[in-house]
Amino acid sequence: MTVERLIDDWDMQVWEIPNVKNNHPEKVEHPCQFPVELAERCVLALTNQDDVVYDPFAGVGSSLIAALKNERQAYGTELERPYVDIGLSRIQKLAEGTLRIRPIYQKIWTPKPNDKAAQVPEEWGRAE
């Protein structure tokens, strides 16, 4: 990761980051989980190595993972015990090198014209 890449990224003003849903490698039991990549871009742009990142609504730890992954100190609070447990498990997996996360700046998949995901469903074309 270069400083130039971070500056270009910040100046771009629009980030293309897929949300965390069913087939996302980071998906866990949280209703509004955000991807590590989103927090990681902010951590890299706004902090330096060994700085402290504190998330008062840590959820399942995405921002804490982003901080730890990039050699920052990470602290968080969360009211819901199940999310604390999931977050701690994810942080442990990060330390072990087994946490599945989408790499920062990975190109978003674009379906080919013939892929089913790129087709308009038949029922949308029916006149009622």
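What counts as what
Residues numbered from 1 in each chain as written. Predicted model: local features only at pLDDT ≥ 70, side-chain atom pairs only at ≥ 80, totals over all residues. Heavy atoms only, no water. Salt bridge = Lys/Arg side-chain N within 4 Å of Asp/Glu carboxyl O. Helix = DSSP H or I, 4+ residues; strand = E, 2+ residues; numbered from the N terminus. Buried < 20%, exposed > 50% of the residue type's maximum accessible area, 1.4 Å probe, protein only. Lys, Arg positive; Asp, Glu negative; His and termini not counted. Polar contact = N/O pair within 3.5 Å; in protein donor to acceptor, adjacent residues only side chain to side chain. Contact = heavy atoms within 4.5 Å.

Engineer: So, the pattern of salt bridges: which residues are in play, and what are the values?
Structural biologist: Within the structure shown, the criterion is met by four salt bridges. Between Glu37 and Arg41 there is a salt bridge, with the nearest N and O atoms lying 2.7 Å from each other. Residue Glu37 and its partner Arg41 are both found in helix H2 (residues 36-46); the two are separated by four residues, about one turn of the helix. Classification of Arg41 as buried rests on a relative accessible area of 5%.

Engineer: Describe in detail the side chain of Arg72, supporting the description with residues and values.
Structural biologist: Looking at the element boundaries, Arg72 is found in the loop between helix H3 (62-69) and strand S2 (73-76). Despite its burial, Arg72 remains without a salt bridge, the nearest opposite charge being carried by Asp51 at 5.9 Å. Side-chain polar atoms of Arg72 contact the backbone oxygen of Asn48, separated by 3.3 Å. Not counting residues up to four positions away in its chain, the partners in contact with Arg72 are Val43, Leu44, Thr47, Asn48, Gln49, Asp50, Asp51, Val53 and Ala67.

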